[in-house]
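Chain residues, written in single-letter form:
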Amino acid sequence: MMESSECVVRVRDKVARGERISDQDALDLFNSDDLFGIGQLAAEINEKKNGNRVFFNVNRHLNYTNFCVNQCRFCAFCHEPGQPGGYAYHLSEILEKAAEASAAGATELHMVGGLHPELPFEFYLRMITTIKANNPNLKIKAFTAVEVDYFSKISKLPVETVISEMKRLGLDSTPGGGAEILGAEVRQQICPEKISGERWLEVTQKIHEGGLKSNATMLFGHVEGYADRVEHMAKLRELQDRTGGFQSFIPLAFQPDNTRIPNAKGPDGIDCLKTLAISRIYLDNFQHIKAYWVMLGLKIAQVALAFGVNDLDGTVIEEKIGHDAGADSPQELSKAELLRQIRGAGKLPVERDTLYQQVRVYDDVADD
């Protein structure tokens, strides 16, 4: 076995003593070439937290509109009204897709969309109510903190009221999108029209305080530096200390096609694995680190299972945001393929629901 670098040894000793690693420790890991040492430490930490289990769920993505009042420079999904390729699903189309998901055995409907310039808040409430009434067993994970903030603006209701109303009508959890990079300088370069990083944290705290769990994301591989990534994770770790409301952390590999960030190429495989592993080491108060195969690619996502990752997302179905930006991953995966990927990495597949409640453990191939 190769000897670990000095910084990995130092961080490993801290972890062994039960000490929280510092921002400087994380930055040193990012600047280290000791990928395998970092990965091994992340794997050891994950083993203590989650054993040999890798979670996945049977889910469907539903991006209900790509019309958006913001025009973020990293986004290839957003459209202005009248622009070719723009769309907004009618409620009947949304219900049809939800019914298809239920019929396919999905336990989660993952819904995010653009900030539509005309739809009223009542439309989103009706969407939740109608989906839940027709698909009572389908958990609804929907609306990022950016969307929740927008609903507050268009309804002229406090964020707390928006959250309580959606929860009352059937919203089960929220996704972690819109965080991008939380630092102001990078945010000004890639999404100046979007709510600030501080506002994202504020709204997310209100979501947690309102009784809903959420995830947290980080879009990496564009104009940010390692220090920006560490600062981003530090803000998430601090909020998690206060609320405990984050379920998983999801590093999202930037996809450059059709975006408006000059010379941004996206991260390579080494950077992806290193970022996933360091997030597992640094985010000691997060239970789950997710490899989002849609943006990482399936091969890197599978390898990440040996680098501290314990969640492979799900079947997904009809994801648009990453693919509009050039993701070359499949549009969906079958449950059988997810099981194959997890077992191929020497791990135990565990199907979960939105809230990480265990649905089924696949401990025998004959049980598939």
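This is a predicted model, so every value here is computed, not measured.

1. Things to note about the overall build of the protein chain
Step number 1: A count of helices and strands for the protein chain gives 15 helices and 11 strands.
Step number 2: The proportion of buried residues among the 368 residues of the protein chain is 59%.
Step number 3: Sequence separation of 24 or more characterises 75% of the internal contacts of the protein chain that already satisfy a separation of 6 or more.
Step number 4: Accessible area of the protein chain: about 14700 Å², with a carbon and sulfur share of 50%.

2. Some details on the packing of aromatic side chains
Step number 1: A complete count under the given rule lists 14 aromatic pairs for this structure.
Step number 2: Counting every residue linked through ring pairs, the aromatic cluster contains Tyr64, Phe121, Phe123, Tyr124, Phe143 and Phe151.
Step number 3: Cation over ring: Arg237 sits above Tyr282, and NZ or CZ is 3.7 Å from the ring centre.
Step number 4: The ring of Tyr356 carries the charged tip of Arg352 above its face, separated from the ring centre by 4.1 Å.

3. Remarks on the confidence of the model for the protein chain
The predicted coordinates should not be examined in detail at positions where pLDDT is low.
Step number 1: With 90% of its residues at a pLDDT of 70 or more, the protein chain shows a mean pLDDT of 90.
Step number 2: Confidence drops under a pLDDT of 50 for residues 319-329, and excluding neighbours within four residues, the segment shows 34 contacts in the predicted structure.

4. A look at the pattern of salt bridges
Step number 1: Overall, the coordinates contain 26 salt bridges when judged by the stated rule.
Step number 2: A salt bridge links Arg229 to Asp271; its shortest N-O distance comes to 2.8 Å. Of this pair, Arg229 sits in helix 10 (residues 226-243) while Asp271 sits in helix 11 (residues 269-282); the two residues are 42 residues apart in sequence, bridging distant segments of the chain. Assigned by exposure class, Arg229 and Asp271 land together as buried.
Step number 3: One connected set of salt bridges, linked through shared partners, spans Glu6, Arg10, Lys14, Asp25 and Asp28.

5. So, the sheet that holds strand 1 (residues 53-57)
Step number 1: Strand order across the open sheet formed by four strands is 9-1-10-11, with mixed pairing between neighbours. Each having just a single partner strand, strand 9 (311-314) and strand 11 (358-361) make up the two edges of the open sheet. Neighbour to neighbour, the strand axes of the sheet diverge by 25° on average, direction disregarded.
Step number 2: As paired elements, strand 1 and strand 9 share two bridges and run parallel to each other.

6. Some points on the pairing of strand 3 (residues 108-112)
Step number 1: The element strand 3 is largely enclosed, with a buried count of five among its five residues.
Step number 2: Alternating residues of strand 3 divide into Glu108, His110 and Val112 and Leu109 and Met111, and every residue in both groups is buried.
Step number 3: As defined by bridge partners, strand 2 (residues 59-63) adjoins strand 3 across five bridges and the pair is classed as parallel. Following the sheet pairing, Asn59 is matched in strand 3 by Glu108.
Step number 4: Bridge analysis of strand 3 against strand 4 (residues 139-142) gives four bridges, and the strand direction is parallel. Looking at the pairing, Met111 lines up with Ala142 of strand 4.
Step number 5: The parallel pair strand 3 and strand 4, bridged by helix 5 (residues 121-134), forms a crossover whose chirality is right-handed.

7. Describing the sheet that holds strand 8 (residues 288-289)
Step number 1: Taking strand neighbours across the sheet as the criterion, the seven strands line up as 2-3-4-5-6-7-8 in an open arrangement whose pairing is parallel. Looking at which strands have only one partner, the edges of the open sheet turn out to be strand 2 and strand 8.
Step number 2: On the sheet, helix 4 (residues 91-103) packs against strand 2 and strand 3 and is oriented at approximately 170° with respect to strand 2.

8. Focus: the packing of helix 10 against helix 11
Step number 1: Close contact between helix 10 and helix 11 brings their axes to 11 Å; oriented N to C, the two are set at 35°. Between helix 10 and helix 11 lies a crossing of right-handed hand. Where helix 10 abuts helix 11, its residues Tyr226, Arg229, Val230, Met233, Ala234 and Arg237 lie against Asp271, Lys274, Thr275, Ile278, Ser279 and Tyr282.
Step number 2: Of the residues assigned to the contact of helix 10 with helix 11, the class counts are six nonpolar, two polar and four charged.

9. Quick notes on helix 4
Step number 1: Taking 1.5 Å as the rise per residue, helix 4 with 13 residues should run 18 Å; its terminal C-alpha atoms sit 18 Å apart, in good agreement.
Step number 2: Every buried residue of helix 4 is listed here: Leu91, Ile94, Lys97, Ala98 and Ala101. Along the axis of helix 4, the buried positions cluster into a sector of 125°, meaning they face one direction only. When the buried face of helix 4 is taken as reference, the exposed residues oriented beyond 90 degrees from it are Ser92 and Ala103.
Step number 3: On its buried side, helix 4 packs onto strand 2, strand 3 and helix 5.
Step number 4: Gly105 lies just past helix 4 and shows a positive phi near 90°.

10. Considering helix 11
Residues spaced three or four apart along an α-helix face the same direction, because each turn holds 3.6 residues.
Step number 1: Given a rise of 1.5 Å per residue, 14 residues ought to cover 20 Å, and the 20 Å separating the end C-alpha atoms of helix 11 matches this to within 8%.
Step number 2: The buried count for helix 11 comes to 12 of 14 residues, which makes it a mostly enclosed element.
Step number 3: For helix 11, the full list of buried residues reads Asp271, Cys272, Leu273, Lys274, Thr275, Leu276, Ala277, Ile278, Ser279, Arg280, Ile281 and Tyr282.
Step number 4: Regarding helix 11, its N-cap is Asp268, as a side-chain oxygen of that residue lies 3.3 Å from the backbone nitrogen of Ile270 further along.

The rules behind the values
Residues take numbers from 1 onward in each chain, read along the sequence in its written order. Selection of residues for local features in this predicted model requires a pLDDT of at least 70, selection of side-chain atom pairs for listing and counting requires 80 or more, and totals for whole chains, interfaces and linings are taken over all residues. For the side-chain quantities, the full set of heavy atoms in the structure was used; hydrogens and water were omitted. Comment: elements are numbered from the N terminus, with helices defined as DSSP H or I runs of at least four residues and strands as E runs of at least two. Only protein chains enter the accessibility calculation, which uses a 1.4 Å probe. A residue is then buried if its area is under 20% of the maximum for its type, exposed if over 50%, and partly exposed in between. Residue contacts follow a heavy-atom distance rule, with two residues in contact if any of their heavy atoms lie within 4.5 Å. Using a 1.4 Å probe, the Shrake-Rupley method yields the accessible areas, and only the shown protein chains count as cover for residues. Aromatic pairs are defined between Phe, Tyr and Trp rings, using the six-membered ring for Trp, whenever the two ring centres lie within 6.5 Å; interplanar angles under 30 degrees are classed as stacked, those over 60 as edge-to-face, and all others as tilted. We call a charge positioned over a ring when the NZ of a Lys or the CZ of an Arg lies within 6 Å of the ring centre and within 35 degrees of the ring normal. Per residue, pLDDT measures the predictor's confidence, with a range of 0 to 100. Any carboxyl oxygen of Asp or Glu within 4 Å of a side-chain nitrogen of Lys or Arg constitutes a salt bridge here. Strands are labelled as partners when DSSP assigns at least two bridges between them. Axis lines are fitted to C-alpha atoms, over the contacting stretch for helices. Their N-to-C directions set the angle, which ranges from 0 to 180 degrees. Here is how to tell: hold the view so the strands point away, follow the path from the first strand over the helix to the second, and if it runs clockwise the crossover is right-handed. Put simply, a crossing is left-handed when the front helix is turned counterclockwise from the back one by less than a right angle, and right-handed when it is turned clockwise. Amino acids outside the nonpolar list (Ala, Val, Leu, Ile, Met, Phe, Trp, Tyr, Cys, Pro) and the charged list (Asp, Glu, Lys, Arg) are all regarded as polar, and Gly is one of them. Working rule for helices: expected span equals 1.5 Å times residues minus one. Directions drawn from the helix axis to the C-beta atoms are what define this arc. Polar contacts, as used here, are pairs of N or O atoms within 3.5 Å; protein pairs need one atom able to donate a hydrogen and one able to accept it. Residues neighboring in sequence count only if both atoms are side-chain atoms.

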